[in-house]
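Working through the structure, step by step
Chain by chain, the residues run as shown.
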Amino acid sequence: MILLVLVAVVAAGLAWWVASSRRADPLGQAAASAAPQLDEAQLAKALADAGIDGKQRKALEALVRQTLLDHPEILSDAAGRLEAREAASRLGPLRGALETPFPGAVLGNPQGRVTLVEFTDFACTYCRGSVADVEALVAANPDLKVVVRELPIISAQSVPAARMGLAAAAQGKYRAFHLAMFGGERPSPESIAAAAGKAGLDTGAASAFAARPETMQELQRNLDLARQLGVSGTPAWVAGDQLLSGAVGRERLQQAIDAARGSAARTEGA
């Protein structure tokens with residue numbers, strides 16, 4: 001019965017922690033809403049049935065409270081695990097759509113056994129800083145397929161840049177355009193045209209492709225996927241059951257890739 005009190009108090013503390021620390025984060029709000037809730041009536045009945053009176057309960061609750069105050073990392077660790085569990089539950093139904101790239105919008109091995117999904121915006125400074133990490137990961141992992149999902153949310157020129165990125169993918173020159181855009185100036189009509197030229201695009205055909213309704217529909221699909229996952233910024237990454245936000249660095253991405261590879265191997269071996 002002591003365990004019951006511990007679970008109830010920690011659950012209440014966890015719900016408070018997630019709600020307060022993630023109030024402005026849609027992902028955090030989802031986690032908070034899914035956190036275990038303290039049912040006072042059920043708890044009181046269980047304690048009474050076990051012969052634990054009010055005085056004993058207060059002592060136990062005080063013990064738990066002091067433990068959490070002395071070791072606040074317990075709540076932080078628990079919140080992290082809760083968020084990871086919630087992310088995995090949201091990823092499951094979306095995995096097929098997430099890991100199926102727009103034709104050609106892939107870095108690394110198009111037939112790779114392990115997939116890293118990147119939500120990116122050509123106007124994103126942190127995405128620009130992550131280019132070298134992704135290139136290094138591709139070089140270090142021959143079985144890695146990086147599915148790039150254009151998420152043009154930062155500037156007015158993010159959309160035309162993303163459209164041209166998809167046009168480059170259709171011509172089999174996505175990587176060249178991707179690197180040229182991130183290696184040049186921020187998105188503008190001039191920088192987009194310069195990147196298209198550097199990537200060797202047929203600019204007339206690319207402009208026509210970029211103007212197609214289907215191109216905008218793909219960008220809307222990416223926005224919808226991001227919304228369902230709780231992604232509100234770039235870069236964001238998906239590997240296996242892990243959803244990562246921000247420029248987390250090569251080492252953290254490699255850890256997620258390794259975990260996804262291991263999970264896939266266990267599934268295949270089952």
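Placed above this text is the structure.
**Remarks on the sheet that holds strand β5 (residues 242–245)**
Strand order in the open sheet made by the 5 strands is β1-β3-β2-β4-β5, with mixed pairing throughout. Taken across any chain shown, the strands that pair with only one partner, and hence form the sheet edges, are β1 (106–108) and β5. Here the average twist between neighbouring strands, direction ignored, is 20°. Where strand β4 (residues 236–239) meets β5, 4 bridges bridge the pair, whose relative direction is antiparallel. Of the residues in β5, the one forming a bridge with Trp237 is Leu244.

**Remarks on the environment of Ala193**
Here Ala193 shows up in helix α9 (residues 189–198). Note: C-alpha distance between Ala193 and Met164 (29 residues apart in sequence) is 9.1 Å.

**Some points on the pattern of salt bridges**
Following the criterion strictly, the structure yields 8 salt bridges and no others. The partner of Glu218 in a salt bridge is Arg149, and the shortest N-O contact between them spans 3.2 Å. Of this pair, Glu218 sits in helix α11 (residues 213–229) while Arg149 sits in strand β3 (residues 144–150), and the two are 69 residues apart along the sequence. There is no split in this pair, since Glu218 and Arg149 are both buried. The residue Asp224 makes a salt bridge to Arg227 at a minimum N-O spacing of 2.9 Å.

Each value, and the rule that gives it
Every chain is numbered independently, its residues counted from 1 as its sequence is written. Where local features are concerned, this predicted model is filtered to residues with pLDDT of at least 70; where side-chain atom pairs are given and counted, the filter is 80 or more; whole-chain, interface and lining totals use all residues. With hydrogens and water set aside, each side-chain value is computed from the structure's full complement of heavy atoms. Paired strands are those between which DSSP finds at least two bridges. Think of it this way: any DSSP run of H or I at least four residues long counts as a helix, any run of E at least two long counts as a strand, and we number them from the N terminus. Under this scheme, a helix contributes an axis fitted over its contacting stretch, all axes are lines through C-alpha atoms, and angles between N-to-C directions fall in the 0 to 180 degree range. What counts as a salt bridge is simple: a side-chain nitrogen of Lys or Arg found within 4 Å of a carboxyl oxygen of Asp or Glu. Here's how the labels work: a residue is buried when its accessible area is under 20% of the maximum for its type, exposed when over 50%, partly exposed in between, all with a 1.4 Å probe on protein chains only.

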